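# Examining the three-dimensional arrangement
Next come the chains, spelled out residue by residue.
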Amino acid sequence: MIPEIGQFALIVALCLAIVQGIFPILGAQLNIRPWMAMARPVAQGQFIFVAISFACLVYTFVTDDYSVLYTASHSNSLLPVQYKVAGVWGGHEGSLLLWAMMLGLWTFLVSIFSKNLPDEMVARVLGVLGLIAVGFLLFLLLTSNPFERLIPAAPDGRDLNPLLQDFGLIIHPPMLYMGYVGFSVAFAFAIAALMGGRLDAAWARWSRPWTIIAWSFLGGGIGLGSWWAYYELGWGGWWFWDPVENASLMPWLVGTALIHSLAVTEKRGGFKSWTVLLAIIAFSLSLLGTFLVRSGVITSVHAFATDPERGTFILGFLFLVVVSSLLLFAWRAPKIGQGGKFDLVSKETMLLANNVILTVISAAVLLGTVYPIIIETLASLGIVEATNKVSVGAPYFNAIFVPLLVPLVFLVGMGPVARWKKADMPDMLRQLRWAFIASAIVAVVVPFLMGGWSWMAALGMVLAAWILTTAAYSVRQRFKATNTELPWGHRLNSIPRSFYGMHIAHIGVAICIVGGTMVSNYMSDKDVRMDIGDTVTVGGYTFRFDGVIETKGPNFTANQGLIQVLQDGHELMVLRPEKRVYTVQTMPMTEAAIDPNIWRDLYVSLGEPVSGGAWSVRVYHKPFVSWLWAGAILMALGGVVAMTDRRYRVMARREIKAKSEADTVTPKMATEKA
């Protein structure tokens, strides 16, 4: 009965989404107030029914209802309850339902926190979100029904993929999807503004907080995914340029450009075309990521499905979204306007260069990701000669990413110091001369302190130091410009939170660069055969193999290695890497043992048993690797801080008051005023 309720709730949600996507938009275009007024209650109702459907699917997992095919395929009676709940989004159908619920949640939040917006704008934004929901709900019901029955019911489930039986599954996909789907709000605001012909500072101010929080979620999700892969896969790597990793990185890069472009549109009325196009591209790349993960066109440990029918549906939906959006943009382009003029040396120019570089990086990542797919497709059609399978790996992406990162980081330091409209380059260079000097000193000294100077290490350190020193200078100058008669606390509080958020995010970038530079240039590792009592020294630590014991988990058995870590003859700790075999799927899994701290990680993974009771053991010393994820956290935190800027709240209250006063003006009063 519960599965039928879940499926019925999806059908009701689809009907509401159709109403939400048609009548409010028509009402806004034809000025029919009752139709516009439908937007909020219908949008909220749609979210409620999708949430009911999601709750029904969770119920089938928790209660071990194996008469549902999806539950039987991704759960098991021995599975711990936390993984039964997380297992709901551990496969294609459930993860797509999570996507639909996240979309409904974003729509619900927009309907609640949009009381300061004009009714026409709200109707159009919620209408566009409704049309997107129609696409995904149709996708669910037609090709990916999570409530499909299994007759007869299975006696037990096939179990969740052992790779996913980890805490990372609980938090990583929801956070990543909140970012992915969140860009639909920025897209909806852009399309709504095009429909209404209103591309002004107010539109940018309304859209910017939603874009920032979506960007923060996506960045946090990417960081969590990197951390999860680092400790779960047993390889010791933190970024593999995997196609699915790239699928999340591309909208984040374009979203970064969009945030900066929105700042120019809000403050100077410029970059309107850039802002609209970036909003369209960011959401389109989110849809492209969905296609890559669920179509079977790529091979990845992160991919969900291999059904071409599903891929065709998403590809058609992506084509419809992109073409219709660009046609609307082309129709409205003559009315967009150019905004204020600015000199070659100005804050606007630097932000424009920032947009160009981020877009070029994203395009390069896109090319490297889809190039093998394009070649394979052309070969299958006989257009090109079929050869061995083409793959694009880390050398290509690193060769593109690193050179473009250098000017981008230079702009990160210069941008906050530059003035709007016209800046004085000699004056900026004079102001930042100590930042140049300090960065150069750090680039020379730190690599020597790490035990070996190299050009790549020096480059990474000069970039990180440049961001940190220019951020410190910018904060100092902003603080000096406050009222000196006020106490320190009041002076700090008078600086906008968006300013703090910007620099927290920029510092996060610097911390990431430090982590990536150090671990890439100074990591040491050994892959050795170890008998009981054997030792190996890596990174100044000695690792002694004390044997293997058998352990048992709730749904797996494991061989657990005992690795004693010593330094200068003193025993520090025992690391316990495991080689697990899961009961149902009998899949062997490597669980690394990690001792993390702020300066380094000690990382040990257990390989395969070899002759004579010995084991293959991989040992890593990874300096500063945790800074990668600390930087990702800071970037996401910076976005959250910027979103809470006082001006968004004050403007909202003013606009609500103005709207209320306008609504109370009677025709007679208006005539008398005229």
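Residues numbered from 1 in each chain as written. Predicted model: local features only at pLDDT ≥ 70, side-chain atom pairs only at ≥ 80, totals over all residues. Heavy atoms only, no water.

What follows is about empty space enclosed by the protein. For the structure shown, the criterion picks out one cavity of 30 Å³ or more. Roughly 30 Å³ of internal volume is contained in the largest cavity. Trp241, Ile361, Ala364, Val365, Tyr396, Phe397, Ile400 and Phe401 are the residues that line the largest cavity. Where the lining of the largest cavity is concerned, the elements lending two or more residues are α13 (347-380) and α14 (394-414). Sort the elements by how many residues they give to the lining of the largest cavity and α14 lands first, with four residues. Its residues assigned to classes, the lining of the largest cavity shows eight nonpolar, no polar and no charged. (1 Å grid on protein atoms, 1.4 Å probe; cavity = no way out; pocket = protein on both sides within 12 Å on 5 of 7 lines; lining within 4 Å. Points joined across faces, edges and corners; volume = space filled by probe spheres on them. Helix = DSSP H or I, 4+ residues; strand = E, 2+ residues; numbered from the N terminus. Nonpolar A, V, L, I, M, F, W, Y, C, P; charged D, E, K, R; others polar.)

A few words now on the pattern of salt bridges. On inspection of all chains with the given rule, the structure shows 13 salt bridges. Of the charged contacts, one joins Asp546 and Arg544 as a salt bridge, the two residues approaching to 2.9 Å between their closest N and O atoms. For Arg544, a relative accessible area of 23% gives the class partly exposed. Two residues, Glu608 and Lys579, come together in a salt bridge whose shortest N-O distance is 3.2 Å. Separated by 29 residues along the polypeptide, Glu608 in strand β9 (residues 600-609) and Lys579 in strand β6 (residues 578-582) bring together distant segments of the chain. A network of salt bridges, in which partner residues are shared, links Arg33, Asp119 and Glu120. (Salt bridge = Lys/Arg side-chain N within 4 Å of Asp/Glu carboxyl O. Buried < 20%, exposed > 50% of the residue type's maximum accessible area, 1.4 Å probe, protein only.)

Moving on: the side chain of His506. On the secondary structure map, His506 appears in helix α19 (residues 497-522). In this structure His506 touches His260, Val412, Pro416 and Ile467, once residues within four positions along its chain are discounted. (Contact = heavy atoms within 4.5 Å.)

Attention shifts here to the sheet that holds strand β8 (residues 593-596). Spatial ordering of the open sheet is given by β1-β10-β9-β8, a layout of four strands whose pairing is antiparallel. Strands at the two margins of the open sheet, each flanked by one partner only, are β1 (524-530) and β8. Taken over all neighbouring pairs, the strand axes of this sheet differ in orientation by 15° on average, direction set aside. Bridge analysis of β1 against strand β10 (residues 615-623) gives seven bridges, and the strand direction is antiparallel. Its bridge partner lying in β10, Asp527 is registered against Arg618. Along the sheet face, helix α9 (residues 201-232) touches β8, β9 and β10 and points at about 45° away from the line of β9. Its contacts with the sheet place α19 against β1 and β10, and it is angled at close to 135° to β10. (Pairing = 2+ DSSP bridges. Axes fitted to C-alpha atoms, helices over the stretch in contact; angles between N-to-C directions.)

As a further point, take unusual backbone geometry. With an omega of -5°, the peptide bond between Ile151 and Pro152 qualifies as cis. Inspection of the secondary structure assignment puts Pro152 in the loop between α7 (119-143) and α8 (167-196). Positive phi outside glycine occurs at Asp159, with the angle close to 85°. Along the polypeptide, Asp159 turns up in the loop between α7 and α8. On the basis of relative accessible area, Asp159 is assigned to the buried category, the value being 1%. The backbone phi angle of Trp241 is positive, close to 55°, even though this residue is not glycine. Locating Trp241 in the fold gives a position in the loop between α9 and α10 (243-268).

Right, let's talk about helix α20 (residues 626-643) for a bit. In a regular helix each residue adds 1.5 Å, so 18 residues correspond to 26 Å; α20 covers 26 Å between its end C-alpha atoms and thus fits that length. If you check which residues of α20 are buried, you get Trp627, Leu628, Trp629, Gly631, Ala632, Met635, Ala636, Gly638, Gly639 and Ala642. (Expected span 1.5 Å × (residues − 1).)

Domain boundaries assigned for the protein chain yield domain 1 (1-165), domain 2 (190-412) and domain 3 (524-624). Counting from both sides, the interface comprises six residues of domain 2 and, opposite them, eleven residues of domain 3. At the boundary of domain 2 and domain 3, one finds zero salt bridges. Looking at side-chain class alone, the side of domain 2 that touches domain 3 contains three nonpolar, two polar and one charged residues. (Domains from an automatic or database assignment.)

The next subject is a nonpolar patch on the surface. The grouping of Phe410, Leu429, Trp434, Phe436, Ile437, Ile441, Val444, Val445, Phe448, Leu449, Trp453 and Trp455 at the surface amounts to a nonpolar patch, some 1300 Å² of accessible area in total. Examining the composition of the nonpolar patch, we find that eight residues originate from one element, helix α16 (residues 433-449), more than from any other. One can find Trp453 in the loop between α16 and α17 (455-480). The exposure class of Trp453 is partly exposed, given its relative accessible area of 33%. (Patch = residues over 30% accessible without salt bridge, like charges linked within 9 Å, V, L, I, M, F, W, Y side chains within 5 Å. Areas by Shrake-Rupley, 256 points an atom, 1.4 Å probe, with all protein chains shown as cover.)

The next subject is the nonpolar core. One finds Met121, Ile132, Leu137, Phe189 and Trp203 to be the most contacted residues of the largest nonpolar core, which totals 156 residues. Take this core: its biggest share by element is 18 residues, from α8. If near-sequence neighbours (up to four positions away) are discounted, Trp203 is found in contact with Met121, Phe189, Ala190, Ala193, Arg198, Thr265, Thr275 and Val276. Phe543, Phe545, Val617 and Val619 belong to the second largest nonpolar core, which has 17 residues in total. (Core = buried A, V, L, I, M, F, W, Y, C linked by side-chain atoms within 4.5 Å.)

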